[in-house]
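# Remarks on the overall topology
In case you want the letters, here they are:
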There are 2 protein chains.
Amino acid sequence: MTFETKATIANFGGKLLKLSHQSSETKTPMALNLYLPPNASASTKVPVLFYLSGLTCTGDNCSEKGFLQAHASQHGIAIVYPDTSPRGTETIKISDRDAWDFGTGAGFYIDATTEGFKENYRMYSYVTKELPEALWGAFPQLDSTRVSITGHSMGGHGALTLALKNPGMYKSCSAFAPISNPVNCPWGQNAFTGYFGEENKEKWAEHDATELVKKLKEGDKFAALIDVGTGDNFYKQGQLLPENLETAAKESKADVKVEVRYQPDYDHSYYFISSFGKDHIEYHAKFLKQ
Amino acid sequence: MTFETKATIANFGGKLLKLSHQSSETKTPMALNLYLPPNASASTKVPVLFYLSGLTCTGDNCSEKGFLQAHASQHGIAIVYPDTSPRGTETIKISDRDAWDFGTGAGFYIDATTEGFKENYRMYSYVTKELPEALWGAFPQLDSTRVSITGHSMGGHGALTLALKNPGMYKSCSAFAPISNPVNCPWGQNAFTGYFGEENKEKWAEHDATELVKKLKEGDKFAALIDVGTGDNFYKQGQLLPENLETAAKESKADVKVEVRYQPDYDHSYYFISSFGKDHIEYHAKFLKQ
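The present account deals with the structure reproduced in this document. Computed from a prediction, not measured in an experiment: that's the story for all the values here. (Residues numbered from 1 in each chain as written. Chains lettered and ligands numbered in written order. Predicted model: local features only at pLDDT ≥ 70, side-chain atom pairs only at ≥ 80, totals over all residues. Heavy atoms only, no water.)

### Structural notes on the pairing of strand β2 (residues 14-22) of chain A
Residue and element names in this part refer to chain A. Cut-off, in case you're wondering: Exposure categories follow from relative accessible area, calculated using a 1.4 Å probe and restricted to protein chains: below 20% of the type maximum is buried, above 50% is exposed, and the middle band is partly exposed. Secondary structure follows DSSP: runs of H or I at least 4 residues long count as helices, runs of E at least 2 residues long count as strands, and numbering of each begins at the N terminus. Should DSSP find at least two bridges between two strands, the strands are regarded as paired.
Judged by how many residues are buried, β2 sits mostly within the fold: seven of nine residues are covered. What sits between strand β1 (residues 4-11) and β2 in their antiparallel hairpin is a turn of two residues, with Phe 12 showing a positive phi close to 50 degrees. Sheet analysis places β2 next to strand β3 (residues 29-36), joined by eight bridges and oriented antiparallel. Across the sheet, residue Ser 20 finds its bridge partner in β3, namely Ala 31. Turn length for the β2-β3 hairpin, with the two strands adjacent in sequence and antiparallel, is six residues, and the turn residue Lys 27 shows positive phi of about 60 degrees.

Structure follows, in structure tokens:
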């Protein structure tokens, strides 16, 4: 699996690489950004943070507006910014349900089971298996044994569910304004109906952070740092439901540490992400540098 | 002069205000952004940094991508992000020469003298007089006695020329990849021909940082911190010409301290600005906190 480097951009002493490769999971070309901090080299492998973006975004939005690279540069952490869905809908049988919150730009980090989506909408397998394996093969500067994950909104849902479904895969997990209980919010219900079918509620629960925490058993462990802005309209509209995740964490018999910080007045935008990116990079650095 | 607040956005502990007001200079509504750091209050007035944007930009680009608020928050400095030209071309007699580097989004921080532009293209008077006076009147949190200026590309030209033309108005001046000698580069020659006329070379020189430094006399003082990326295509194409400004500074009998730092591989984008924003805010803080 080889990557084409579309651009190499100097940033905070390191390099942001705009990459593209052919994905066998989505059966489409997939674009992504990779930030390599100044100290990254084959002899000095650096830990890796995956950042999963939200609805409508590509890997570019947070690369340009999140300022995570400023702090990743200081801590010697690489950041991977994948895309949020397959692109090139002319090659994809998009249903007439395609919208800003479903289909292109809205992959929800699941492997779809429904006709029209199951062939290409395989972002779960792409982000957890195909992409990391391709990166480890192509970039000897990356330490495949020290990997963490974060994300925003739909990408926060992705970060939480991927970490919960794959114990040990990620050293740490955090999220900005995550969709925390998709089976109980309009965004999630609409997406899961389209990707899994209305009846397939078991599959829905497999990709819901709150439902996954409820299934944790005594002896299981999970921890996450979460920030949510109290001025976030999507939070106010009940799309995020972090309280449901907090309740599940409190009631769990497992060792669950979910810290949700409600940030006064902050909205859902990159002005919010950039304001707390330093805290999240420092949180992950504690685990990635062990 | 009253401002309409279109949005108030929490950012780095402070607030980014999206403002609009009617300008008597441009005879159009003018949008701008104002960042107020956390400590700003009527009883704790904060110093003010004007950031002038480059070609095609509005006040939003650097507010979202420049990362300056992160450092302004720490140093207790407000930032004003004006627009780059009058907008609403249906009310403006734009000539058929209107283009991405001339006319809308390309005001060049001058007062135009040519027909079709002289009525509205008065960004020099707007940025140096009308806008600051309006801000001092509307925002008691701002300290009108401690003001500095910076900018990018065309806005770097603006920062340098406004500071050179108005000794004492700004405590300090810096620029990112500034158009340093517009009378000798295609962008400047095209813009000054359109705004001043081909013959009016005296007016051209009045708005050229290199020409203004040449005119400084013994006893005059000027200082600026400038960063330029060596991977910047506009630098390579001879649109910026910082070497001409350095030469004029070296040959001047006045007390001129122009430090141009050539940053290896950096381009012309906000990835470049965000990487060195901390240095620029710290540079201005030294003067603004005196």
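The rest of the description comes next.
### With respect to the relation of the copies chain A and chain B
Condition: Only residues with pLDDT of at least 70 in both copies contribute their C-alpha atoms to the least-squares superposition of the copies. Contact definition: two residues touch when any of their heavy atoms are within 4.5 Å.
The operation relating chain A to chain B is a screw motion whose rotation component is 180 degrees, with 0.0 Å of axial translation and a residual RMSD of 0.0 Å. Classification of the inter-copy transformation places it as that of a two-fold axis. Measuring from the rotation axis to each C-alpha of chain A, the shortest distance belongs to Lys 65 of chain A, at 2.5 Å. Both copies present the same face, since 91% of the interface residues in chain A are matched by interface residues at the equivalent positions in chain B.

### Observations concerning the nonpolar core
Under the convention used in this document: Remark: nonpolar core denotes a set of buried residues (Ala, Val, Leu, Ile, Met, Phe, Trp, Tyr, Cys) joined through side-chain atoms within 4.5 Å.
In terms of nonpolar packing, the biggest core is built from 194 residues, with Phe 108, Tyr 195 and Phe 222 of chain A together with Phe 108, Tyr 195 and Phe 222 of chain B touching the most fellow members. Not counting the four nearest positions on each side in its chain, Phe 222 of chain B is found in contact with Leu 160, Ala 163, Leu 164, Cys 173, Leu 216, Asp 255, Val 256, Lys 257 and Val 258 of chain B.

### Some thoughts on the sheet that holds strand β9 (residues 255-263) of chain A
All names here are of chain A. For clarity, the cut-off: Note on geometry: axes are lines fitted to C-alpha atoms, helical ones only across the stretch in contact, with angles between N-to-C directions running from 0 to 180 degrees.
With parallel pairing, three strands are arranged side by side in an open sheet as β7-β8-β9. What marks the edges here is a single partner per strand, and that holds for β7 (174-176) and β9. In this sheet, adjacent strand axes meet at a mean angle of 15 degrees when their direction is disregarded. Note: β7 against strand β8 (residues 221-229), three bridges, orientation parallel. If you follow Ala 175 over to β8, its bridge partner there is Ile 226. Its contacts with the sheet put helix α4 (residues 154-165) on β7 and β8, and the angle it makes with β8 is roughly 175 degrees. Sheet strands in contact with helix α10 (residues 270-288) are β7, β8 and β9, and its direction is about 160 degrees off that of β8.

### Observations concerning the sheet that holds strand β7 (residues 174-176) of chain B
All names here are of chain B. Within the open sheet, the three strands sit side by side as β7-β8-β9. Their pairing is parallel. In this open sheet, the two strands that pair with only one neighbour each are β7 and β9 (255-263). Neighbour-to-neighbour, the strand axes of the sheet open up by a mean angle of 15 degrees, direction not taken into account. Each of β7, β8 (221-229) and β9 is contacted by helix α10 (residues 270-288), which is oriented at about 160 degrees to β8, the strand it contacts most.

### Observations concerning the interface of chain A and chain B
Accessible area lost upon the coming together of the parts serves often as the stated size of an interface. Heads up, the rule is: Note on definitions: buried area is the accessible-area loss of two parts on being combined, 1.4 Å probe, summed for both. For this document, the term salt bridge refers to a Lys or Arg side-chain nitrogen within 4 Å of an Asp or Glu carboxyl oxygen. Here a polar contact means two N or O atoms within 3.5 Å. Within protein one must be a hydrogen donor candidate and the other an acceptor candidate, and residues neighboring in sequence count only if both atoms are side-chain atoms. Under the grouping applied here, Gly and all other residues not named as nonpolar or charged are polar, the nonpolar ones being Ala, Val, Leu, Ile, Met, Phe, Trp, Tyr, Cys and Pro and the charged ones Asp, Glu, Lys and Arg.
At the interface, 22 residues of chain A touch 21 residues of chain B. Summed over both partners, the interface of chain A with chain B buries about 1,800 Å², with 59% contributed by carbon and sulfur atoms. If you sort the residues of chain A by the area they bury against chain B, Ala 10, Phe 67 and Tyr 271 of chain A come out on top, with a joint share of 37%. The tally of links between chain A and chain B comes to four salt bridges. Summed over the shared surface of chain A and chain B, the result is twelve residue pairs in polar contact (both at pLDDT 80 or more). For the side of chain A that touches chain B, the secondary structure elements donating two or more residues are β1, β2, α1 (59-65), α2 (68-75) and α10 of chain A. Of the residues contributing to the side of chain A that touches chain B, the split by class is eight nonpolar, seven polar and seven charged.

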